Structure formats: C-alpha cells, structure tokens
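# Topology and contacts: notes
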Amino acid sequence: MSDVDTRPGAILKNNLWTNNPIFMQVLGICSALAVTNLLTNTAIMTIGVTLVTGFSSMTVSLLKGFMPRKVRMMVQTLIIAFYVIIVDIVLKAYLPEISRNLGPYVGLIITNCIIMGRAEAFAQSNGPVISFWDGVTSGLGYMGVLMLIAFVRELLGFGTLFGFQILPESFIPWTIMVVPPSAFFLLGFVIWAGKSAMNRQGAPA
Amino acid sequence: MSPAISPFALFFASIFTSNILLANFLGMCSFVSISKDMTSSNGLGLAVVVVLTVTTGVNWAVLQLLQALGLVYLRFIVFIIVIAAVVQMLEMIIDRVSQTLYMNLGIFLPLITVNCAILGVSLFMEIRDYSFIQSIVFGFGSGLGWWLAIMALSAIRKKVDKAPVPAGLKGAGITMITIGFMAMAFIGFSGMLQVQ
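In this text, all values refer to a predicted model and were calculated from it rather than measured experimentally.

## Regarding the overall build of chain A
Tallying secondary structure elements over chain A gives nine helices and two strands in all. Helices and strands in chain A line up, N terminus first, as α-α-α-α-α-α-α-β-β-α-α. In chain A, buried positions account for 52% of the 205 residues. Intrachain contacts of chain A at a sequence separation of at least 6 include 75% that bridge at least 24 residues. Accessible surface, chain A as shown: approximately 9,200 Å² in total, 70% of it carbon and sulfur.

## Observations regarding the packing of helix α3 (residues 38–69) of chain B against helix α4 (residues 75–97) of chain B
Residue and element names in this part refer to chain B. Between α3 and α4, the shortest axis-to-axis distance is 10 Å and the interhelical angle comes to 140 degrees. The orientation of α3 relative to α4 falls into the category oblique. Where α3 crosses over α4, the handedness of that crossing is right-handed. Residues Val50, Val51, Val54, Thr55, Val58, Asn59, Val62, Leu63 and Leu66 of α3 form the contact with α4, whose own contacting residues are Arg75, Val78, Phe79, Val82, Ile83, Val86, Val87 and Leu90.

## Observations regarding the packing of aromatic side chains
Under the criterion given, the structure shown has 12 aromatic pairs over all chains. Between the aromatic rings of B:Phe11 and B:Phe140, the centroid separation amounts to 5.8 Å while the plane-to-plane angle is 15 degrees, which identifies the pairing as stacked. Placement of B:Phe11 in helix α1 (residues 7–15) and of B:Phe140 in helix α8 (residues 132–160) is noted, with a sequence separation of 129 residues between them. An aromatic cluster is present here, built from A:Phe55, A:Phe82, A:Tyr83 and A:Phe132 joined pairwise through their rings.

## Some words on the side chain of A:Thr137
Among the structural elements, A:Thr137 can be located in helix α7 (residues 128–158). Residues contacting A:Thr137, with those up to four places away along its chain left out, are A:Ile11, A:Leu12, A:Asn15 and A:Leu16.

## Some points on the nonpolar core
B:Met28, B:Phe31, B:Ile112, B:Trp146, B:Met176 and B:Ile179 are the most contacted members of the largest nonpolar core, which totals 94 residues. For this core, the element with the highest residue contribution is α4(B), accounting for nine residues. Aside from chain neighbours lying at most four places away, what touches B:Ile112 is B:Leu44, B:Ala47, B:Val48, B:Val51, B:Val87 and B:Ile118. Of all hydrophobic cores here, the second largest spans six residues; its members include A:Phe185, B:Val165, B:Ile174 and B:Ile177.

## Concerning the interface of chain B and chain A
Many structure descriptions define interface size as the accessible area lost when the parts assemble. Contact with chain B, which involves 41 residues of that partner, is made by 39 residues of chain A. For the pair chain B and chain A, the summed buried area comes to about 3,200 Å², and 85% of that belongs to carbon and sulfur atoms. Our count for the contact surface shared by chain B and chain A stands at one salt bridge. Salt-bridge contacts for B:Arg75 lead to A:Asp88; the nearest nitrogen and oxygen are separated by 3.5 Å. Viewed at the interface, chain A and chain B are joined by zero residue pairs in polar contact (both at pLDDT 80 or more). Where the side of chain B that touches chain A is concerned, the elements lending two or more residues are α2 (28–34), α4, α7 (116–127) and α9 (172–187) of chain B. Looking at the side of chain B that touches chain A element by element, the count peaks at 10 residues for α9(B).

## Digging into the environment of B:Thr55
Residues and elements named next belong to chain B. Residue position: Thr55 is located in helix α3. Along the sequence, Thr55 and Ile15 sit 40 residues apart, while their C-alpha atoms lie 18 Å from each other. Once residues within four sequence positions are removed from consideration, Thr55 is found in contact with Ile83, Val86, Ile118 and Ser122. A polar contact is formed between the side chain of Thr55 and the backbone oxygen of Val51, at a distance of 2.7 Å.

## Remarks on unusual backbone geometry
One non-glycine residue with positive phi stands out, namely B:Asp129, at about 55 degrees. Take B:Asp129: it is sitting in the loop between α7 and α8.

## Details of a nonpolar patch on the surface
On the surface, a cluster of nonpolar side chains totalling about 500 Å² of accessible area is made up of A:Phe82, A:Ile86, A:Val90, A:Tyr94 and A:Leu95. Among the structural elements, A:Leu95 can be located in the loop between α4 (72–94) and α5 (96–102).

## A look at the pattern of salt bridges
For the coordinates displayed, the defined rule picks out five salt bridges over all chains. The shortest N-O distance in the salt bridge between B:Arg75 and B:Glu126 comes to 2.8 Å. Pair noted here: B:Arg75 is in helix α4 and B:Glu126 is in helix α7, with a separation of 51 residues, a long-range link. In terms of burial, B:Arg75 and B:Glu126 fall into one category: buried. Connected via shared salt-bridge partners are A:Asp88, A:Lys92, B:Arg75 and B:Glu126.

## What to know about the packing of helix α3 (residues 39–63) of chain A against α7(A)
Residue and element names in this part refer to chain A. Between α3 and α7, the least distance of the axes is 8 Å, while the angle of their chain directions is 165 degrees. By the criterion of interaxial angle, the relationship of α3 to α7 is roughly antiparallel. As α3 packs across α7, the resulting crossing turns out to be right-handed. Classifying every residue of the contact of α3 with α7 by side-chain character gives 17 nonpolar, 11 polar and one charged.

## As for the confidence of the model for chain B
Residues and elements named next belong to chain B. Taken residue by residue, chain B gives an average pLDDT of 82. The fraction at 70 or more is 93%. Ranking the helices and strands of chain B by mean pLDDT puts α8 first, with 89, and helix α6 (residues 109–113) last, with 72. With pTM at 0.81, the complex prediction returns an ipTM value of 0.77.

About the thresholds
- Residues numbered from 1 in each chain as written.
- Chains lettered and ligands numbered in written order.
- Predicted model: local features only at pLDDT ≥ 70, side-chain atom pairs only at ≥ 80, totals over all residues.
- Heavy atoms only, no water.
- Helix = DSSP H or I, 4+ residues; strand = E, 2+ residues; numbered from the N terminus.
- Buried < 20%, exposed > 50% of the residue type's maximum accessible area, 1.4 Å probe, protein only.
- Contact = heavy atoms within 4.5 Å.
- Areas by Shrake-Rupley, 256 points an atom, 1.4 Å probe, with all protein chains shown as cover.
- Axes fitted to C-alpha atoms, helices over the stretch in contact; angles between N-to-C directions.
- Parallel < 35°, antiparallel > 145°, perpendicular 65-115°, else oblique.
- Left-handed = near helix turned anticlockwise from the far one by under 90°.
- Phe/Tyr/Trp six-rings, centres within 6.5 Å; stacked < 30°, edge-to-face > 60°.
- Core = buried A, V, L, I, M, F, W, Y, C linked by side-chain atoms within 4.5 Å.
- Buried area = accessible area lost by both parts, 1.4 Å probe.
- Salt bridge = Lys/Arg side-chain N within 4 Å of Asp/Glu carboxyl O.
- Polar contact = N/O pair within 3.5 Å; in protein donor to acceptor, adjacent residues only side chain to side chain.
- Patch = residues over 30% accessible without salt bridge, like charges linked within 9 Å, V, L, I, M, F, W, Y side chains within 5 Å.
- Nonpolar A, V, L, I, M, F, W, Y, C, P; charged D, E, K, R; others polar.
- pLDDT = per-residue confidence, 0-100.

Given below as structure tokens:
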C-alpha cells in the first residue's frame, strides 16, 4: 500500500467509513463484543482502544528507524502492552467498578488486531503525528460500530441507556440481547448494512 | 483461593457452556479468516489445543512468581513474552521431531502468538484464581472447545458458500450470523453446567 492518501481529512474518512476496521476489515472484534452489553463499559473500553492505538502508532513511527525488521513484531507487541498496562492501571485506580466489569478484556486490547494492523500498515511508513491521527481515527471508527451495537443491546436487553431507565417499566427485556449470540447477530447486521451502503455508493471494496 | 469446581466439570464447561470462542468472543480474528478452509481449520485448531495447554500451565507458574515478587502489574507483558517463547519453542521441537507434523502445524504456529484466545485464557486463569490442575484442565478444555467451534463453522461455511445470500451479507456478515446461531446452541447447555 504505497499510494495511501496521507492527508488528515482523507485518513479520517477512510478510517471512519470506507475502510472501517470492523465492517470492512472484520478486525479486532475479539476483545470487543464481550463488553457491548452495556454502553458505559463499551465507551470506556473503546476509549482505551483508541488511546492505545493512537499512542502505539506514534511510538512505532518514532522508533521505525531503530527497529531491526526481524524483531519488529515483538517490539510492536511490547509497545502496545506498555500502553495497555497504563490503561489498566488508570482504570483500576479511577474506575474500579468498570475495571472489574471489563475483567480480562482490558488486557486483551494487546492482541486486538486493529492496533497491530495500523502499526504495520501505516505507522511503519509515515511520520509520528500523522500516525497518531491515523491510530485515533481507526479507534473512532471502531468505537462507532461498537457503540451502535451496545446501544441496541442495552436498550432492548435492560431497557436502559448508560444505566438510566429509558423504556417504561412495562417493557419486557429481551433476554437474547444480554447473552453473547445477540452480539454476533447484531454485528452481522451492521456488516450487512455497512457493505450494502458501500455497494450502493459504488465504491470499490 | 481457588474456586471449588471439580476439574472434570471445568473441563466440560470450558468446551461447551463457556466455550472460549462462542461465549467469550476470544480468538475471533483468525477464526473468521481461517474457517474458510477445513484443512487449515483443523491444523490451526490442533495447534491452539497444544499451545493453550502448555502456555496456561507455564503462565500459572510465572504468575505465582510475579505474585511473590509483587510485580503482578507486569503480567500482560510477561504473559505475551511467555506465549511468544512457548510458540517459538514448540515450532523448533515439532520441526525436529516430525516433519509431517511440522508441515501441517508449523505454518499456523506464528499466527497463534497474536490469537486473543491464548492470552485470554491466561488472563481468565489469573482472575478466577485457578489452581495448577484447574489451569491445565481449563487450558486444554478451552483449546478443544475452540477446535470444535472452528471445525463446525468451516463445515457450515462450505454449505453457506453455495447458498444465495444477499450481496452485502456475503462473507463476513453471514459468517457472523452463523456464529450467532452456533453460540445459541452451545449456550443452550449452560443450564447444566456453569463456570465463573
């Protein structure tokens, strides 16, 4: 990918829509689907992912001249792990409740393919500032889709949004929305909607 | 303290009701891309079983050491390094011992280092305070569960490929929905057996 458009606006559009990490590339869904049953958890989790992606892309870009190519995967993983540890410690200190809810999934940000993917595909060959921007926008594209899924799951599964009661008491919560399969179904539908919209635009996939 | 769950119950729970993939969403990335092809699915599944069992055991020991030294916050980095090292070692051992096995398994081993399921199981093991025996059983069972899930999915995808699916839903979309149905079937057993 040598002809990547590196203008900030183009990167924004690319990462949020035409090359969205989730529905175009189906990356990084591992650690994310499990937390989408509540909006608050999803928001915290995706903010964490966005920050880690941004900073690790920047660091990889800064260090790209010094990294021997052979060990670069390992070095990148360690850089990512470093930022994830920071996120983990901050969460434990300031939001212990949410940290407990997210459980192992904070640590799993390390193996989130989006971060490694951006480091490999973009940060390796671009400057630190623009790499940071690329990482953050990828994180935002990821956040958008997950927040959408979490919105549906929390609204129908608990009748609440961010913990506030939205639907009337008489609403019977859909148990299916609380259990894992619904995340797969909703993600399937989101991918469907996204791809169909893309096809209609006639954009080359 | 270790939870009081018999290793036997834990073994079945980790294969079926708490399937690492279908209930905890771990190891999705390679799951979706590899399940296109049944032979590769088999190879990767087998590799996951071996690596999960070994790394969970090793990481259990490492975690005890970290706890004794008060360095638990370093666990993410240490776990990742252990996993990478174990994978590398397994690759060398398999290369020595059996060339056929290496041809079948070898190419999948590097992929496994970044498989979320491997790190995920180690992190679950830490959070749930499993004993050594429980950790090994949990790792082995989760690996078998992953293998079962990927084999089932790749078999289903073979049929789905021939079905008339709306254009936008082809590929990843329909695969997600298929996984959703599989997850429902697996989780249907959870009344019988639960694992925290």
